[in-house]
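# A closer look at the structure
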Amino acid sequence: MRKLALTLALTATLLLSGCGYNQLQTQDEAIKASWSEVVNQYQRRADLVPNLVNVVKGYAKQEKDVLLGVTEARAKVGSIQVTPEVLKDPQAFAKFQQAQAQMTSALSRLLVVSEKYPELKSDSVFRDLSAQLEGTENRITVARNRYIKTVQEYNVTVRSFPTNLTAKMFDMQTKPNFTVENEKAISAAPKVDFGADAAKGASGAQ
Amino acid sequence: MMLIASVLPRSLLAWLVAACLALLSLCAQAEVAVPPLTGRVVDLTGTLAPQQTAALTEKLAKLEADKGSQLVVLLVPTTQPEDIAQYAIRVAEAWKLGRKGVDDGLILIVAKNDRKTRIEVGRGLEGAVTDVQTSRILREEVSPHFRQGDFYGGIVSAVDHLSLLVRGEALPPSQRQGRKHYRQDTINGWIAGVLAAVVGGSFLVSMLGRWLGGAATGGLAVLATHLLFSLAWPFAIGLGAAAFLAALILGGASGLGGWGGGGFGGFGGGGFGGSWSSGNDSSNDDDDFSGGGGGDFGGGGASGDW
């Protein structure tokens, strides 16, 4: 009887800590996989930029600052080395997120500007690139959502009892998650100004 | 609040609470639910006539029989408050179209009242059916038809174009006909499962004695197969009984128990889980259409409007 109790107790403790460790490892790997998918899609977007800039330049080379903004954003994104170590360092993660946010706003400015040039809009190369960009942005969203889910699962495991003991034992911490960038800017409604743009558009289309 | 509750008669209070809840639920803008996958053409707007639906279903069934890729047409009235892309990915993840590992699913969604369309492409077909091509299909084929109110024509031309693109792609051969045959991984799963029962059983028997160990193995097998791998009770109990017997008869080999139990248990569990989840949609009929078992959608495809 005593031997049985002892065996059961031993098995229970082994199982508890064993389970926690394996679960953490599995979820950690899931995070790495979904993170590389996110990085992949961001890279795909960055690769579209040079062609996009070239096409827009063909029709709207006077929009210098917007084009420059996009090119600079791409250079910045390219300069950040993204390794799995980024996941362990919240500051590096924040920097990466910031660079990508800058790219997003530069691209949206570019697309807004190209609305003023009907010839550009009807150009087939530009149409194809826009389709690709749209698809890539959607893929980025999906990849981010999946990453957020995997990080959430992992963080919950790291913080719940009793797996948090295992996590502390092996020095596993919560991983950083995507935050909503520019919360203030998003909550302010965008201002739409047709007056100045209409005048510019008329002169630009010549 | 409590004063009011004590003053009003019970029935009136109950009615008021119910009315408040009903009002709240009306105000809350719920997301559009993912409809059940009732067939290859899911038309919740009543746009297509029955013979049109039948003709489309036949085309789509032929595509799956020839290439293994699953293309489904979905018509909903609206996807608000979600964007059609958000709704599409939810539908794709719920329906799991396309074969597991090959990810060759496609969904053509039409949100009729929103006047929006979208083609959602599975990962395995992203090379054949690129964003540019889906965008062109929606813009040049679907939208002109839809603008004239010819929904069937637009959908048919989209389906034809997509089929053409899919047929050009080298996909693994369709196994739709041979579903009932046990595939290699199902057999592997069974072998692993039996080994796990034997080794695990001998481990438990060496610890707890013959009868108790056998009973424990049988019980664990029943629970594991029913809860973890969603096996029906009869199957689970059958497996449990087999495990019990195996443990009884072979329980003498206590040496194997220690190191073998853990490793084989894990492998057996994995093999079981994989084979049962993929082998369960067993249908030779085209009347009984079900998702291919876990096609992965990465958000590729394009949206359009008309």
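It should be emphasised that the depicted structure is a prediction, and the values quoted were computed from it without experimental measurement. (Residues numbered from 1 in each chain as written. Chains lettered and ligands numbered in written order. Predicted model: local features only at pLDDT ≥ 70, side-chain atom pairs only at ≥ 80, totals over all residues. Heavy atoms only, no water.)

### Brief notes about the interface of chain A and chain B
Stated formally: For this analysis, residues touch if any pair of their heavy atoms sits within 4.5 Å. Buried area adds together the accessible area that both of two parts lose upon being put together, with accessible area traced by a 1.4 Å probe. A pairing counts as a salt bridge when a side-chain nitrogen of Lys or Arg comes within 4 Å of a carboxyl oxygen of Asp or Glu.
Chain A puts 16 residues into the contact, and the matching count from chain B is 21 residues. Taken together, both faces of the contact between chain A and chain B bury some 1,400 Å²; the carbon and sulfur share is 42%. Summed over the three residues of chain A that lose the most area to chain B, namely N138, R139 and R146 of chain A, the buried surface amounts to 36% of that side. Notably, a salt bridge pairs D296 of chain B with R146 of chain A, separated by 3.5 Å at the nearest N-O pair.

### Topic: the packing of aromatic side chains
All names here are of chain A. Stated precisely, the cut-off is as follows: Between the rings of Phe, Tyr and Trp (Trp by its six-membered ring), a pair exists once the centres lie within 6.5 Å; its type follows the angle of the planes, with under 30 degrees stacked, over 60 edge-to-face, and the other angles tilted. For the purposes of this entry, the term helix denotes a DSSP run of H or I that reaches at least four residues, the term strand denotes a run of E that reaches at least two, and both are numbered from the N terminus. To sort residues, take the accessible area from a 1.4 Å probe on protein chains only and compare it with the maximum for the residue type: under 20% means buried, over 50% means exposed, and anything in between is partly exposed.
Counted by the stated rule, this structure contains 12 aromatic pairs over all chains. An angle of 45° between the planes, with centres 4.5 Å apart, marks the rings of Y21 and F170 as tilted. Of this pair, Y21 sits in helix α1 (residues 2-60) while F170 sits in the loop between α6 (163-169) and α7 (183-187); the two residues are 149 residues apart in sequence, bridging distant segments of the chain. For Y21, a relative accessible area of 30% gives the class partly exposed.

### Digging into the sheet that holds strand β3 (residues 105-111) of chain B
All names here are of chain B. The test is simple: Think of it this way: DSSP has to see at least two bridges between two strands before they count as a pair. Throughout, an axis means a line fitted to C-alpha atoms (over the contacting stretch in the case of helices), and angles, computed between N-to-C directions, take values from 0 to 180 degrees.
Across the sheet, five strands lie side by side as β1-β2-β3-β4-β5; this open sheet has mixed pairing. A strand with exactly one partner marks an edge of an open sheet, and here the two such strands are β1 (41-43) and β5 (297-305). The mean angle between the axes of side-by-side strands here comes to 15°, regardless of whether they run parallel or antiparallel. With seven bridges connecting them, strand β4 (residues 116-122) and β5 associate as antiparallel partners. Residue pairing in the sheet places R118 in a bridge with S303 of β5. Where helix α6 (residues 151-167) meets the sheet, its contacts fall on β2 (70-76), β3 and β4, and the angle it forms with β2 comes to roughly 155°.

### As for the pairing of β4 of chain B
Residue and element names in this part refer to chain B. In terms of residue burial, β4 counts as a mostly covered element, since six of its seven residues are buried. The pairing of β3 with β4 spans six bridges and is classified as antiparallel. Within β4, the residue paired with I107 across the bridge is E120. Hairpin connection between β3 and β4: a loop of four residues separates the two successive antiparallel strands, and R115 in this loop has a positive phi of roughly 55°.

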